[in-house]
Amino acid sequence: MQVKIEDSWRNILQSEFEKPYFKTLVDFVKSEYKQHICYPKSGHIFAAFDNCNFHDLRVVIIGQDPYHVQNQANGLCFSVNDGVAHPPSLKNIFKELSTDLQVTYPQSGNLEKWAKQGVLLLNATLTVRENEAGSHQKKGWETFTDAVIQKVSTEKEGVVFLLWGGFAKQKTKIIDVKKHCIFTSGHPSPLSANRGFWFGNKHFSKTNKVLENMKKPIIEW
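Residues numbered from 1 in each chain as written. Predicted model: local features only at pLDDT ≥ 70, side-chain atom pairs only at ≥ 80, totals over all residues. Heavy atoms only, no water.

### Observations regarding the packing of aromatic side chains
Put simply, the test is: Geometry of aromatic contacts follows a simple scheme: Phe, Tyr and Trp rings, the Trp one being its six-membered ring, pair when their centres are within 6.5 Å, and the pair is stacked under 30 degrees between planes, edge-to-face over 60, tilted otherwise. The classification of residues rests on relative accessible area computed with a 1.4 Å probe and restricted to protein chains. Under 20% of the type maximum is buried, over 50% is exposed, and intermediate values are partly exposed. Labels follow the DSSP assignment, with helices taken as runs of H or I lasting at least four residues and strands as runs of E lasting at least two, numbered in each case from the N terminus.
Per the counting criterion, the structure on display carries 19 aromatic pairs. Measuring from centroid to centroid gives 5.1 Å for Phe 17 and Phe 22, while their planes differ by 50°, and the two rings are tilted. Pair check on accessibility: Phe 17 and Phe 22 agree, each one buried. Both rings, one in Phe 46 and one in Phe 144, keep their centres 6.2 Å apart while their planes meet at 85°; by these two values the pair is edge-to-face. You can see Phe 46 sitting in the loop between strand 1 (38–39) and helix 3 (47–50) and its partner Phe 144 sitting in helix 6 (residues 141–155), a full 98 residues away along the chain. Exposure class is identical for Phe 46 and Phe 144. Each is buried.

In structure tokens form, the structure reads like this:
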């Protein structure tokens, strides 16, 4: 089955696309996009991969669902397009970034520039129905994205995984901790951040320190 995805990822994931669960998932997604308003736009479902070449991948950030409100989801976890107001979790990400690296709070919420530098911004579920959070969970996306994480763990070395919140932390069990670096913290959502589980994690500077020590280019956050 042909899936429109960046070539370096197609080579890695082609066997996954041929599995029965993925064919069922594709049929479900096509039906949902035909009958309902869904996000992100169909051409951006695999944007996390299309903007981050597998060979350049250095960092993985794992989200859960795409934004389900109009004009927000763009296929990269936590990211919104230029000119779109920053959702609460992204605001807290940028606040921590600003404090950690002593930089100005970013104007644009578009994280494509991170992806282009080798940051895989991967939601566990890649699609969602408008105004219905979690509506495309347990339809096959999690099986696929877990396979992606396992492929990265197996095929790469020295990748930094940033696992924010309980859901993302569960992915630790499918990552080879002897080959890769994992940083965990609370989720950047206001509920978690305001209880002291997010701010001060310094994940951006810590990630760059690890990359620096491995003689890899740092991320210009």
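### Remarks on the side chain of Lys 156
Heads up, the rule is: In this count, Lys and Arg are taken as positive residues and Asp and Glu as negative ones, while His and the chain termini are left out. Salt bridge, as applied in this entry: a Lys or Arg side-chain nitrogen positioned within 4 Å of an Asp or Glu carboxyl oxygen. Contacts between residues were defined by any pair of non-hydrogen atoms, one from each residue, lying within 4.5 Å.
Here Lys 156 shows up in the loop between helix 6 and strand 5 (160–164). For the buried Lys 156, no salt bridge exists, and the shortest N-O distance to an oppositely charged side chain is 6.9 Å, to Asp 56. Setting aside its immediate chain neighbours within four residues, Lys 156 contacts Phe 54, His 55, Asp 56, Leu 57, Lys 151, Lys 179 and His 180.

### Side note on the sheet that holds strand 3 (residues 119–123)
Formally: When DSSP finds at least two bridges between two strands, those strands are taken to pair. To obtain an axis, a line is fitted to C-alpha atoms, over the contacting stretch when the element is a helix, and the angle between two such axes runs from 0 to 180 degrees between their N-to-C directions.
The strand order across the open sheet built from four strands is 3-2-5-6, with neighbouring strands paired in parallel fashion. Unpaired on one side and paired on the other, strand 3 and strand 6 (181–185) mark the two borders of the sheet. Across this sheet, the average inter-strand angle for adjacent strands is 20°, counted without regard to direction. Direction of pairing for strand 5 relative to strand 6: parallel, over a ladder of five bridges. Bridging from a neighbouring strand, Val 160 pairs with Cys 181 of strand 6. Packed on one face of the sheet, helix 6 meets strand 2 (59–63), strand 3 and strand 5 and runs near 155° to strand 3.

### Regarding the packing of helix 4 (residues 88–101) against helix 9 (residues 203–213)
Stated formally: An angle below 35 degrees is treated as roughly parallel, one above 145 as roughly antiparallel, one from 65 to 115 as roughly perpendicular, and anything else as oblique. Residue polarity is assigned by list, with Asp, Glu, Lys and Arg as charged and Ala, Val, Leu, Ile, Met, Phe, Trp, Tyr, Cys and Pro as nonpolar; anything else, Gly included, falls into the polar class.
Two elements in contact, helix 4 and helix 9, have axes separated by 8 Å at closest approach and are oriented at 60°. As judged from the angle between their axes, helix 4 and helix 9 are oblique. Taking contact as the criterion, the partners of Ile 93, Glu 96, Leu 97, Asp 100 and Leu 101 in helix 4 are, on helix 9, His 203, Phe 204 and Ser 205. Here the residues of the contact of helix 4 with helix 9 sort into four nonpolar, two polar and two charged.

### Observations regarding the pairing of strand 5
Counting buried positions over the five residues of strand 5 gives five, a clear majority of the element. Taking every second residue as pointing to the same face, both faces of strand 5 are buried, with Val 160, Leu 162 and Trp 164 on one and Phe 161 and Leu 163 on the other. Taken together, the three bridges between strand 2 and strand 5 define a ladder with parallel strand orientation. Pairing of Val 60 across the sheet is with Phe 161, part of strand 5.

### A closer look at the environment of Glu 212
As for its placement among the helices and strands, Glu 212 is situated in helix 9. Spatially, the C-alpha atoms of Glu 212 and Lys 4 are 34 Å apart, while their sequence positions differ by 208 residues.

### Looking at helix 4
Threshold: In a helix, the anticipated span is given by 1.5 Å times the number of residues less one.
For helix 4, spanning 14 residues, the distance from its first C-alpha to its last is 20 Å, which sits close to the expected 20 Å at 1.5 Å a residue. Three or more residues of helix 4 are buried, namely Ser 89, Leu 90, Asn 92, Ile 93, Phe 94, Glu 96, Leu 97, Ser 98 and Asp 100. Looking at the residues trailing helix 4, positive phi occurs at Gln 102, about 55°.

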